[in-house]
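What the coordinates show
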Amino acid sequence: MQFPESWLRTLCNPSLSTGELAERLTMAGLEVEELRPVAPPFSKVVVAEIVTAEQHPNADRLRVCQVDAGVHSKEGPLQIVCGAPNARVGIKVPLALVGAQLPAAEGGKPFEIKVGQLRGVQSWGMLCSARELQLSEDHEGLLELPADAPLGADVRGVLGLDDTLFTLKLTPNLAHHLSLLGVAREVSALTGAPLQEPSVGQAAVAIEDRLPVRIEAPDLCGRFSGRIVRGINPAARTPGWMVERLARCGQRPVNAIVDISNYVMFELGQPTHIFDLAKVKQGLSVRWAQAGETLQLLNGQTVTLDSQVGVIADESGVESLAGIMGGQATAVGDGTRDVYIEAAFWWPKSVAGRARRYNFSTDAGHRFERGVDPRGTVRAIERITELLLAICGTDHTRCGPVDDQWPGQQAEAAVAPVGMRVSRAAKVLGMKVTREQCESVFSRLGFEYRSEGDVIHVKPPSYRFDLQIEEDLIEEIARLVGFDQLPDTPPLAPVTARVRVEAQRGSHAVRHVLAGLDYQEGIHFSFVEERWERELAGHEHPIRVLNPIASPLAVMRSSLIGSLLQAARGNLARKASRVRLFEIGRVFMRDASVVDSDTTVAGIHQPLKVAALALGPVDRLQWATASRPVDFFDVKGDVEALMWPLLPEFVPAEHPAFHPGRGAAVMLDGQLIGHVGELHPRWRQAYDLPSAPGLFELDLQAVLRRPVPLARAVSRQQPVWRDLALVAGDELSHDRLIGVLQQDPQGVVRSARLFDVYKPKSAAADLGANERSLAVRLELLDETATLTDDRIEAAVEQALERAARVGARLRAVV
């Protein structure tokens, strides 16, 4: 909400400076986001009239003007050389006298006017355009001032440039402050300064013409008022004072009729619409649209409507989007002589979100969806009528009666009073307040109330849609008393630290580990493309977003993989050939067992996951080792490092996102905690990646587990190592072989580790075509006694027997 301070002070003029007024508004909950002067500082620029304008003797595009600057030209007219195309006799323009300081260009210094010569002719000043005074970007010619501007007067005073623009950042519950009257009403309550409401009389009714209106949808429109005015002058110019006020509110002037409607909206807060009466067929009906109806709006956009959008229609079709924007078919124009003024109250729920369906917003829709005073429609029509008669009226202008239909009057009158306990207010605010203080606040705000002991019953005004519960009234007490007056009271509740159990680490520790593995963290939206869910997570029916911020981001993610792939593509597009990313975030899956609570939503499981992606070379550019791309085993090693000292098990498994032969399920204590693998070749090609990245995704709760360290005495016995060369088929997995070797019932085999794999390029005498030699080191130890050679040999023989059960035979023992 933007407005000039000068307009506000015509309605309420407290004895406060601009800064003090802004501070008072901010502390009352109306945050003043910006204070900006209407014009930059400049001096010695006065009103002057061009007396003569002759062609420059030495330049085709310059003129030598004699100007009268009043008291500043006592010795006769001043000679000014000017190149503006509109420099002509009789107009009044800004004159920068010698010594004047004009606004500086961005980053520069103020420009001082001096006596100068242009093509041999002396010039005693400069005639200014609006751009040279930084009032606008118009530099087509001199800024023409009103004909009644006094000669020699300071231009700043004539144009009201010593003014300040207020920009308020209003929360959605403060709809009653979306007008100058609303802000003035608040300033009056805050400061005690008298409120000077606009004086609106009743226009004389000279004709009995009425436009038939049917309200077919009372749930759409709570009140509809209208009036016919005949015989106006559509060519009338909008007065300069109105253009100035509208421009300083950020509104572009259009024509006198539209400008009057916009002016009343900013002044009283009631959006209105003015129809060209000659273009309305038979009458108007207020109803919900029918599916498939279309409307060409005033902004040139043609929209297709459905049954959820309210409209104003006539016999020929839809003419206006209810509470949002009028249609082109009944718009006023240069030929308009008779008009129909409409002011309505649209229920906020019937307007909310409708404009956003069509990707635009309007000042009217912004106000109606927050709530507009239903009692203000007739007053707005009378105000518009008053301005129309004053600006566009002719000898033939005649006004009809106001036709007012109010189907929502009973509902508005039935609004129940809101009760507030004074004791409760004191407890919530943390300071002592009396009933007299509370009654004083409500009186200043103009509320109707009655007191019954400790309880004050307040009847919310028709323009206050935000007063519904006791806490709303307590907030009003705090605002008017002043938030800065509330005492600083430290909390008395004991603060109990939440101590994390020793068997669990924090998520930041996980981040540090992944950063140490050369991954960088990414943060992505929880809503993703539906394609990602279907292709990378195998979900054909993901959870849909009811109101997506963008059409592609239409579903909630059940996996972090899609977000990481998209981020990797963005990095590749910026020439980053080596990408290593991770993310910790929530995913969303349907689960009927989940019930509503403070942290859950019924039917939706929202676990935390940790996922990572590695793409490109394993190492950064260096000289020690040859460069090679990331593969499955690199990412598997990162998972093991992340989980250490827990020892996850990797079981071959398929996943929609991973290569069928290069993916595995990650198991911990027999429970599935995630997957790891290389991206499926199909998706590598579909997502236009130069090579297959390695990825993993794990349940964060499993990753956070950390076994409590247990002290163990250092063994007094020396371990013994034996290396075995075993021949096994290609189908034998590492985990199965190591598992059987370590399953020693005597407890002597402490560990088994594979340290070499040999497969000859050509056939060998002791290796078959589908066999390989596996070198395994056994660590043998008895905590209670020294191992003898016999016990060592026996332990090795038993290990070989267990290996034989899985298809491995001895090749050599070292």
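Below is a summary of the structure that appears in this document.

Cut-offs applied
- Residues numbered from 1 in each chain as written.
- Predicted model: local features only at pLDDT ≥ 70, side-chain atom pairs only at ≥ 80, totals over all residues.
- Heavy atoms only, no water.
- Axes fitted to C-alpha atoms, helices over the stretch in contact; angles between N-to-C directions.
- Helix = DSSP H or I, 4+ residues; strand = E, 2+ residues; numbered from the N terminus.
- Left-handed = near helix turned anticlockwise from the far one by under 90°.
- Contact = heavy atoms within 4.5 Å.
- Nonpolar A, V, L, I, M, F, W, Y, C, P; charged D, E, K, R; others polar.
- 1 Å grid on protein atoms, 1.4 Å probe; cavity = no way out; pocket = protein on both sides within 12 Å on 5 of 7 lines; lining within 4 Å.
- Points joined across faces, edges and corners; volume = space filled by probe spheres on them.
- Buried < 20%, exposed > 50% of the residue type's maximum accessible area, 1.4 Å probe, protein only.
- Polar contact = N/O pair within 3.5 Å; in protein donor to acceptor, adjacent residues only side chain to side chain.
- Salt bridge = Lys/Arg side-chain N within 4 Å of Asp/Glu carboxyl O.
- Phe/Tyr/Trp six-rings, centres within 6.5 Å; stacked < 30°, edge-to-face > 60°.
- Lys NZ or Arg CZ within 6 Å of the ring centre and 35° of its normal.

1. Considering the packing of helix 21 (residues 734–742) against helix 22 (residues 789–804)
- With their axes 8 Å apart at the nearest point, helix 21 and helix 22 run at an angle of 145 degrees to one another. The interaxial crossing formed by helix 21 with helix 22 has right-handed handedness. Here helix 21 contributes Leu 737, Val 740 and Leu 741 to the contact with helix 22, which in turn contributes Ala 799, Arg 802 and Ala 803.
- Of the residues belonging to the contact of helix 21 with helix 22, the class tally is five nonpolar, no polar and one charged.

2. With respect to empty space enclosed by the protein
- Applying the stated rule across the entire model yields two cavities of 30 Å³ or more.
- Looking at the largest cavity, its volume works out to about 70 Å³.
- Lining the largest cavity are His 176, His 177, Gly 182, Arg 185, Glu 186, Ala 189, Arg 444, Leu 445, Phe 447, Tyr 463 and Arg 464.
- Residue classes in the lining of the largest cavity are distributed as four nonpolar, three polar and four charged.
- Space inside the second largest cavity adds up to approximately 40 Å³.
- Along its surface, the second largest cavity is lined by Val 528, Trp 532, Glu 533, Leu 536, Arg 557, Ser 559, Gly 562 and Ser 563.
- Of all the secondary-structure elements, those providing two or more residues to the lining of the second largest cavity are helix 16 (530–536) and helix 17 (561–573).
- Among the elements that make up the lining of the second largest cavity, the one with the highest residue count is helix 16 (three residues).
- When the residues that make up the lining of the second largest cavity are grouped by side-chain class, the tally is three nonpolar, three polar and two charged.

3. Re the side chain of Arg 479
- On the secondary structure map, Arg 479 appears in helix 14 (residues 470–481).
- With a relative accessible area of 5%, Arg 479 lands in the buried category.
- Within the structure, Arg 479 has its side chain in polar contact with the backbone oxygen of Ala 28 (distance 2.8 Å).
- Within the local environment of Arg 479, its side chain forms a polar contact with the side chain of Glu 476, the two groups lying 2.8 Å apart.

4. Thoughts on the side chain of Glu 5
- Of note, Glu 5 is situated in helix 1 (residues 5–11).
- Side-chain polar atoms of Glu 5 contact the side chain of Arg 9, separated by 2.8 Å.
- With residues near it in sequence (within four places) discarded, Glu 5 still touches Thr 18, Asp 163, Thr 164 and Phe 166.

5. Thoughts on the layout of surface pockets
- Quantified by volume, the largest pocket comes out at close to 1600 Å³.
- Looking at the largest pocket, it is lined by 34 residues, and the ones nearest its centre are Lys 636, Glu 640, Phe 650, His 734 and Asp 735.
- If one sorts the elements of the lining of the largest pocket by residue count, helix 21 sits on top with six residues.
- Classifying every residue of the lining of the largest pocket gives 17 nonpolar, eight polar and nine charged.
- Each pocket or cavity is described by its volume, and for the second largest pocket that value is around 1200 Å³.
- Residue lining of the second largest pocket: 35 residues in total, with Leu 143, Leu 159, Gly 240, Val 243 and Glu 244 positioned closest to the centre.
- For the lining of the second largest pocket, the secondary-structure elements that each account for two or more residues are strand 2 (31–37) and helix 5 (240–248).
- A total of six residues in the lining of the second largest pocket trace back to one element, the largest contributor, which is helix 5.
- In the lining of the second largest pocket, the residues fall into 20 nonpolar, seven polar and eight charged.

6. Details of unusual backbone geometry
- In this structure, the amide linkage connecting Trp 644 to the following residue, Pro 645, adopts the cis form with an omega of 10 degrees.
- For Pro 645, the position within the fold is in the loop between helix 18 (632–643) and strand 34 (649–652).
- Its identity is not glycine, yet Asn 359 carries a phi of approximately 60 degrees, on the positive side.
- Considering the arrangement of structural elements, one finds Asn 359 in the loop between helix 8 (354–357) and helix 9 (363–368).
- Looking at Asn 359, the relative accessible area reads 72%, which means it is exposed.
- A positive phi angle, close to 55 degrees, is found at Asp 669, a residue other than glycine.

7. A short note on the pattern of salt bridges
- Within the structure shown, the criterion is met by 48 salt bridges.
- Arg 156 serves as the salt-bridge partner of Asp 162, at 2.7 Å between the closest nitrogen and oxygen.
- For Arg 156, a relative accessible area of 10% corresponds to the buried category.
- The partner of Asp 634 in a salt bridge is Arg 628, and the shortest N-O contact between them spans 2.8 Å.
- Accessibility expressed as a relative area gives 18% for Asp 634, which makes it buried.

8. As for the packing of aromatic side chains
- This model, assessed by the stated rule, comprises eleven aromatic pairs.
- With 5.5 Å between their ring centres and 85 degrees between their planes, Trp 241 and Tyr 263 make a pair best called edge-to-face. With Trp 241 in helix 5 and Tyr 263 in helix 6 (residues 256–268), the pair connects residues that are 22 residues apart, well separated along the chain.
- Summarising the aromatic geometry, the rings of Phe 442 and Tyr 449 are spaced 6.3 Å apart at their centres and angled 55 degrees between planes, so their arrangement reads as tilted.
- Residue Tyr 449 is classed as partly exposed on the basis of its relative accessible area, which comes to 31%.
- What links up through ring pairs into an aromatic cluster is the set Trp 7, Trp 241 and Tyr 263.
- Across from the ring centre of Tyr 687, 4.4 Å away, lies the NZ or CZ of Arg 531, which sits over that ring.

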